[in-house]
Amino acid sequence: AQSVTQLGSHVSVSEGALVLLRCNYSSSVPPYLFWYVQYPNQGLQLLLKYTTGATLVKGINGFEAEFKKSETSFHLTKPSAHMSDAAEYFCAVSEGTSGTYKYIFGTGTRLKVLA
Amino acid sequence: EPEVTQTPSHQVTQMGQEVILRCVPISNHLYFYWYRQILGQKVEFLVSFYNNEISEKSEIFDDQFSVERPDGSNFTLKIRSTKLEDSAMYFCASRQGDTTNEKLFFGSGTQLSVL
């Protein structure tokens, strides 16, 4: 079965600093990987996804993630943090067969941006 | 962008009581899901629903849980006799089609507190 590990339940960065949120996965098949963000009192929104092809994936709000098969990682980065990036971020892998696809989520990382 | 809507946003109930959590998925979507997140833990898959029947359920989804799509627009999760450990944020999600790399649209969640 597939699984996702997010290192660091809380990450703090200064405004303008690099954001790095870590995600490692385990999968017996080529994975489809996702990053979702949850702002306070809102649902989960898709930031970006990796399916096939280019391993560096760009998402919304300046975020990107790189799929590294050798490291089984899919870390999320943003060169310069903004106060509005404060939220909870979830990494997920999809699994299943036709009709039963579901996501397996990590435990989430809460990002705090310091002024 | 279309939205999945969930009501209520907060629900407080006494242990042993029945609760119904309501969701309105996006109108042309065919696959529906319930996930939950206990505070500080992973977002966990509960159940998937397609073509008016459950397509997969997790170990969490025992006989106390049921889902229904009563009228072609609402998608409900019922907990028959709530326990303290059912306290969690419950997310409804939907997707249009049937591929692993497809985006799930999530609602903003219902925070269930069982006292």
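Keep in mind the model is a prediction, meaning the values are calculated, not measured. (Residues numbered from 1 in each chain as written. Chains lettered and ligands numbered in written order. Predicted model: local features only at pLDDT ≥ 70, side-chain atom pairs only at ≥ 80, totals over all residues. Heavy atoms only, no water.)

Below, the discussion takes up the nonpolar core. One finds Trp35, Leu48, Phe74, Leu76 and Tyr89 of chain A to be the most contacted residues of the largest nonpolar core, which totals 28 residues. Residue assignment for this core shows that the elements contributing at least two residues are strand S2 (10-14), strand S3 (19-21), strand S5 (32-38), strand S6 (44-50), strand S8 (64-68), strand S9 (73-78), strand S10 (87-95) and strand S12 (109-114) of chain A. Sort the elements by how many residues they give to this core and S10 of chain A lands first, with four residues. Excluding residues within four positions of it along the chain, Leu76 of chain A makes contact with Val19, Leu20, Leu21, Trp35, Leu47, Leu48, Phe63, Glu64, Ala65 and Tyr89 of chain A. Counting residues in hydrophobic clusters, the runner-up holds 23 residues, among them Cys23, Leu46, Phe61 and Val67 of chain B. (Core = buried A, V, L, I, M, F, W, Y, C linked by side-chain atoms within 4.5 Å. Buried < 20%, exposed > 50% of the residue type's maximum accessible area, 1.4 Å probe, protein only. Helix = DSSP H or I, 4+ residues; strand = E, 2+ residues; numbered from the N terminus. Contact = heavy atoms within 4.5 Å.)

Attention now moves to the pairing of strand S4 (residues 31-37) of chain B. All names here are of chain B. With respect to burial, S4 is a largely interior element, seven of its seven residues being buried. Here S4 shows no split at all, with Tyr31, Tyr33, Tyr35 and Gln37 on one side and Phe32, Trp34 and Arg36 on the other all buried. Taking the residues between adjacent antiparallel strands as the criterion, S4 and strand S5 (residues 43-50) are bridged by five residues, where Gly40 takes a positive phi near 80 degrees. Pairing analysis gives seven bridges linking S4 to strand S9 (residues 88-95), with the strands arranged antiparallel. Across the sheet, residue Phe32 finds its bridge partner in S9, namely Ser94. (Pairing = 2+ DSSP bridges.)

Checked against the element boundaries, Ser48 of chain B lands in strand S5. One polar contact links Ser48 of chain B to Ser55 of chain B, side chain to side chain, over a distance of 2.8 Å. (Polar contact = N/O pair within 3.5 Å; in protein donor to acceptor, adjacent residues only side chain to side chain.)

This paragraph deals with the environment of Ser73 of chain B. Locating Ser73 of chain B in the fold gives a position in the loop between strand S7 (65-68) and strand S8 (75-79). When neighbours within four sequence positions are excluded, Ser73 of chain B is seen to be in contact with Cys23, Val24 and Pro25 of chain B.

Note: most peptide bonds trans; most residues except glycine with negative phi. Residue and element names in this part refer to chain B. Cis geometry marks the peptide bond from Thr7 to Pro8, where omega comes out at -10 degrees. Tracing the backbone shows Pro8 in the loop between strand S1 (5-7) and strand S2 (10-13). The phi torsion at Asn51 lies on the positive side, around 55 degrees, for a residue other than glycine. By the element assignment, Asn51 lies in the loop between S5 and strand S6 (53-57). At Asn52, a residue that is not glycine, the phi angle is positive and equals roughly 65 degrees. Its place among the elements puts Asn52 in the loop between S5 and S6.

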